[in-house]
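Architecture at a glance
The lines below spell out each chain.
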Amino acid sequence: MFDLLDQCSGFMGASQDYESSNLVLVGAPMDFTVSFRPGTRQGPQAIRQVSIGLEEYSVLLDRDLAEYTYYDAGDISIPFGHVLESLDKIGQVVDRIIRDDKFPLVLGGEHLISLPVIKQVVQKYPDLKVIHFDAHADLRQDYMGQTLSHASVMRRVADLVGGQNIYQFGIRSGTREEFDYARANTRMFPGKVLEPLKQVLPELTGHPVYITLDIDVVDPAYAPGTGTAEPGGCSSTEILDAIYLMKELNVVGMDLVEISPVYDHSERTALLGAKLVREAILVFGKSSI
Ligand code: MN
Ligand code: MN
């Protein structure tokens, strides 16, 4: 059905049946525009591997993965080193998932993979709002002359959806120009996550919402396994609470990016990723019972 890498052990509890699943996990193992430390191409597989260490039941949600039908499509087979072709391939796979009326939950990979995903999602939902969790603004016009870079991804998303439709939380790193741009164009809440998210929930209600979650929004103490770790972030509990807070929103797609197993010696970052995926399936997926 999709052109995929043959290396998928599957997220825990995933169905074998694409047709009956209303949420589809897919890995986008791309990491070649990163500025500092590569390795996120192995993120999706690491998340799947540690997922089996978690329970399928979430006590805080009182929901169980056994009551949800979701499909793990594996990792998209992308031509390494070729940015445009790789983004195009990711877009094609997500286009198919969305046309089939399924929720795409995309695992990175570097943050640039969000661009082709959001490009497809906004075609279906023109009044899309984007919620962005990150340590970094990702609003550079270009990075070393490249307009397609993980450091520019939200600037390119702003070109697509309009900066006023982007809500940025936890941001604590960037250039002066990026923050000037944010003050004039996006809805940015530097540093904090939960308080500002609570404040904007009313204005997000009723709109289709896409979530892009860069794991480095979380403090390196909780999530060291990432390419550009930035001290001073939120806790793992807070980012899980952010997922619970968005329960009432009309979330139509999500990605989780920048988990890098190379720097994740205790696997705690992958484990947090797997738990975020579990809770996201339970919150944004549809129960089959
Ligand atoms: Mn980012
Ligand atoms: Mn980041």
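Here is what the cut-offs are and how they apply
Residues numbered from 1 in each chain as written. Chains lettered and ligands numbered in written order. Predicted model: local features only at pLDDT ≥ 70, side-chain atom pairs only at ≥ 80, totals over all residues. Heavy atoms only, no water. Helix = DSSP H or I, 4+ residues; strand = E, 2+ residues; numbered from the N terminus. Buried < 20%, exposed > 50% of the residue type's maximum accessible area, 1.4 Å probe, protein only. Contact = heavy atoms within 4.5 Å. Lys, Arg positive; Asp, Glu negative; His and termini not counted. Charge placed at Lys NZ, Arg CZ, Asp CG, Glu CD. Pairing = 2+ DSSP bridges. Core = buried A, V, L, I, M, F, W, Y, C linked by side-chain atoms within 4.5 Å. Donors = N, O, S within 2.8 Å, 3.2 Å for Na, K, Ca; no water. Polar contact = N/O pair within 3.5 Å; in protein donor to acceptor, adjacent residues only side chain to side chain.

Some remarks on the overall build of the protein
Helix and strand content of the protein: eight helices and 11 strands. Along the first, second and third principal axes, the C-alpha set of the protein runs to 50 × 40 × 40 Å. When the 289 residues of the protein are sorted by exposure, 61% land in the buried category. A sequence separation of at least 24 residues applies to 77% of the contacts in the protein between residues at least 6 apart. Here the protein contributes 25 positive and 40 negative side-chain charges, whose respective centroids are spaced 4 Å apart.

Quick notes on the pairing of strand S6 (residues 103–108)
Counting buried residues in S6 gives six out of six residues, a clear majority hidden from the surface. Here S6 shows two buried faces, one formed by Phe103, Leu105 and Leu107 and the other by Pro104, Val106 and Gly108. In terms of strand pairing, strand S2 (residues 23–28) meets S6 through six bridges, oriented parallel. Following the sheet pairing, Gly27 is matched in S6 by Leu107. In this sheet, strand S11 (residues 250–257) lies alongside S6 in parallel orientation, the contact comprising three bridges. The partner of Leu105 across the bridge, within S11, is Met254.

Notes on the nonpolar core
Phe11, Phe133, Ile239 and Phe284 are the most contacted members of the largest nonpolar core, which totals 55 residues. Examining the composition of this core, we find that 10 residues originate from one element, helix H8 (residues 268–284), more than from any other. Each residue touching Ile239, except ones within four places of it in the same chain, is listed here: Phe133, Leu213, Val217, Val218, Cys234, Leu272 and Leu276. In this structure, Tyr71, Ile98, Leu112 and Ala158 belong to the second largest nonpolar core, which totals 42 residues.

Structural notes on the environment of Gln42
Relative to the helices and strands, Gln42 is located in the loop between S2 and helix H1 (43–51). With residues near it in sequence (within four places) discarded, Gln42 still touches Pro261 and Val262.

A look at the coordination of the manganese ion (ligand 1)
Bound to the manganese ion (ligand 1) on the protein side are His111 (ND1), Asp134 (OD), Asp138 (OD) and Asp214 (OD), at distances that span 2.1 to 2.3 Å. Donor residues for the manganese ion (ligand 1), ordered by position in the chain, follow H-x22-D-x3-D-x75-D. A separation of 3.3 Å is found between the manganese ion (ligand 1) and the manganese ion (ligand 2), which are bridged by Asp134. Of the two residues, Asp134 sits in the loop between strand S7 (129–133) and helix H4 (153–161) while Asp214 sits in strand S10 (residues 208–214), which places them 80 residues apart along the sequence. Here Asp134 falls in the buried class, since its relative accessible area comes to 0%. Owing to a relative accessible area of 2%, Asp214 belongs among the buried residues under this scheme.

So, unusual backbone geometry
Here the residue pair Gly108 and Gly109 is connected by a cis peptide bond, since its omega of 15° sits within 30 degrees of zero. Of note, Gly109 is situated in the loop between S6 and helix H3 (114–124). Positioned with a positive phi, Glu258 is a non-glycine residue whose angle comes to about 75°. One can find Glu258 in the loop between S11 and H8. Given the relative accessible area of 2%, Glu258 is considered buried. Phi at Glu267 is positive, roughly 65°, even though this residue is not glycine. Looking at where Glu267 falls in the secondary structure, it is placed in the loop between S11 and H8.

Side note on the coordination of the manganese ion (ligand 2)
Here the manganese ion (ligand 2) is held by Asp134 (OD), His136 (ND1), Asp214 (OD), Asp216 (OD) and Asp216 (OD), and the distances to it run 2.1 to 2.5 Å. Sequence positions of the donors to the manganese ion (ligand 2) reduce to the motif D-x1-H-x77-D-x1-D.

Re the side chain of His150
Topologically, His150 is positioned in the loop between S7 and H4. At 3.0 Å, the side chain of His150 forms a polar contact with the side chain of Glu258.

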